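What follows is the residue order along each chain.
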Amino acid sequence: DPEAGVEDLQVLKYDVGGEYVLHHDGEPRVLTVLYYLNGVGKTWFPLARTGEDINDDPCKDINADEASEEFLKTRENAIIPQNKQQAMKIGEDAKPGQQGLLVQSISGAVGKNQEETEENLNNPNIAWINRGDALAFYNYLDDGSPRLNWRALHTALPTEEKDGVKWIANHWFRGGTLTSPC
């Protein structure tokens, strides 16, 4: 229904090694919901905050207003990364599981020993997923402004041999209907 403001469900299959470069779902997509159909895969948000402690903020040394402006200019000028290297420059000093938020299959928590497994499970930079779990995030700031949230940048990291094929689905919700702008 074009008046509903939600795009059709999209189902995606990533073979082993499959990935999707760093990107933003916004404009006019207000909300993204990712469904981890078989519980496989890693989605990384390199600029996401995982707590209230400013020292743990991957963007603590970034001027938020300047970053938002630069992000908007990039989108307006349609400067889209042409390859993985260009896309990853945005978070080139960050590492999945250490900065930002890594959403990952629970099978990845198993370490070489019990201590490593517990350390993995308690990592505040990782959200563990199971088959059927869903993740929702907003593509705009929650301050009432029409500004895109650059912290919603995310990437589908390569699937690993040990996990096999990744099946996900996504829904994109718009601020308006599918037949009218936001």
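Our subject in this report is the structure included herewith. All figures in this text were calculated on a predicted structure; none of them were measured in a lab.

## Brief notes about the packing of aromatic side chains
Consideration 1: Tallied over the full model, the rule gives 1 aromatic pair.
Consideration 2: An angle of 75 degrees between the planes, with centres 4.9 Å apart, marks the rings of Phe-45 and Phe-137 as edge-to-face. Separated by 92 residues along the polypeptide, Phe-45 in strand E4 (residues 42–45) and Phe-137 in strand E7 (residues 134–138) bring together distant segments of the chain.
Consideration 3: Classification of Phe-45 by relative accessible area gives buried; the value is 5%.
Consideration 4: Over the ring of Trp-172 we find Arg-29, and its NZ or CZ is 3.5 Å from the ring centre.

## Description of the pairing of strand E3 (residues 29–36)
Consideration 1: Pairing between E3 and strand E9 (residues 166–174): 7 bridges, direction antiparallel. Within E9, the position partnered with Leu-31 by the bridge is Phe-173.
Consideration 2: Direction of pairing for E3 relative to E7: antiparallel, over a ladder of 5 bridges. Bridging across to E7, Val-33 finds its partner in Ala-136.

## A closer look at the nonpolar core
Consideration 1: Within the largest apolar cluster, 12 residues are counted, these being Tyr-14, Leu-34, Tyr-36, Phe-45, Ala-48, Val-103, Ile-129, Leu-135, Phe-137, Ala-152, Ala-156 and Ile-168.
Consideration 2: Looking at this core, the elements with two or more residues in it are E3 and E7.
Consideration 3: When neighbours within four sequence positions are excluded, Phe-45 is seen to be in contact with Gly-100, Leu-101, Val-103, Leu-135, Phe-137, Arg-151, Ala-152, Leu-153 and His-154.

## Comments concerning the environment of Pro-96
Consideration 1: Take Pro-96: it is sitting in the loop between helix H2 (84–88) and strand E5 (101–105).
Consideration 2: Along the sequence, Pro-96 and Phe-45 sit 51 residues apart, while their C-alpha atoms lie 8.3 Å from each other.
Consideration 3: Excluding its chain neighbours within four sequence positions, the residues that come into contact with Pro-96 are Trp-44, Leu-102 and Leu-157.

## Looking at the sheet that holds E9
Consideration 1: The 4 strands are arranged E1-E9-E3-E7 in an open sheet whose pairing can be described as antiparallel. Taken across any chain shown, the strands that pair with only one partner, and hence form the sheet edges, are strand E1 (10–14) and E7. Pairs of neighbouring strands in the sheet enclose a mean axial angle of 25 degrees, with direction left out of account.

## What about the pattern of salt bridges?
Consideration 1: Taken as a whole, this structure holds 5 salt bridges when the rule is applied.
Consideration 2: The shortest N-O distance in the salt bridge between Glu-7 and Arg-29 comes to 2.8 Å. With Glu-7 in the segment before E1 and Arg-29 in strand E3, the pair connects residues that are 22 residues apart, well separated along the chain.
Consideration 3: Look at the salt bridges and you will find they share partners, linking Glu-7, Arg-29 and Arg-174 into a network.

Basis of the calculations
Residues numbered from 1 in each chain as written. Predicted model: local features only at pLDDT ≥ 70, side-chain atom pairs only at ≥ 80, totals over all residues. Heavy atoms only, no water. Phe/Tyr/Trp six-rings, centres within 6.5 Å; stacked < 30°, edge-to-face > 60°. Helix = DSSP H or I, 4+ residues; strand = E, 2+ residues; numbered from the N terminus. Buried < 20%, exposed > 50% of the residue type's maximum accessible area, 1.4 Å probe, protein only. Lys NZ or Arg CZ within 6 Å of the ring centre and 35° of its normal. Pairing = 2+ DSSP bridges. Core = buried A, V, L, I, M, F, W, Y, C linked by side-chain atoms within 4.5 Å. Contact = heavy atoms within 4.5 Å. Axes fitted to C-alpha atoms, helices over the stretch in contact; angles between N-to-C directions. Salt bridge = Lys/Arg side-chain N within 4 Å of Asp/Glu carboxyl O.

Nothing here speaks to function; it is all geometry.
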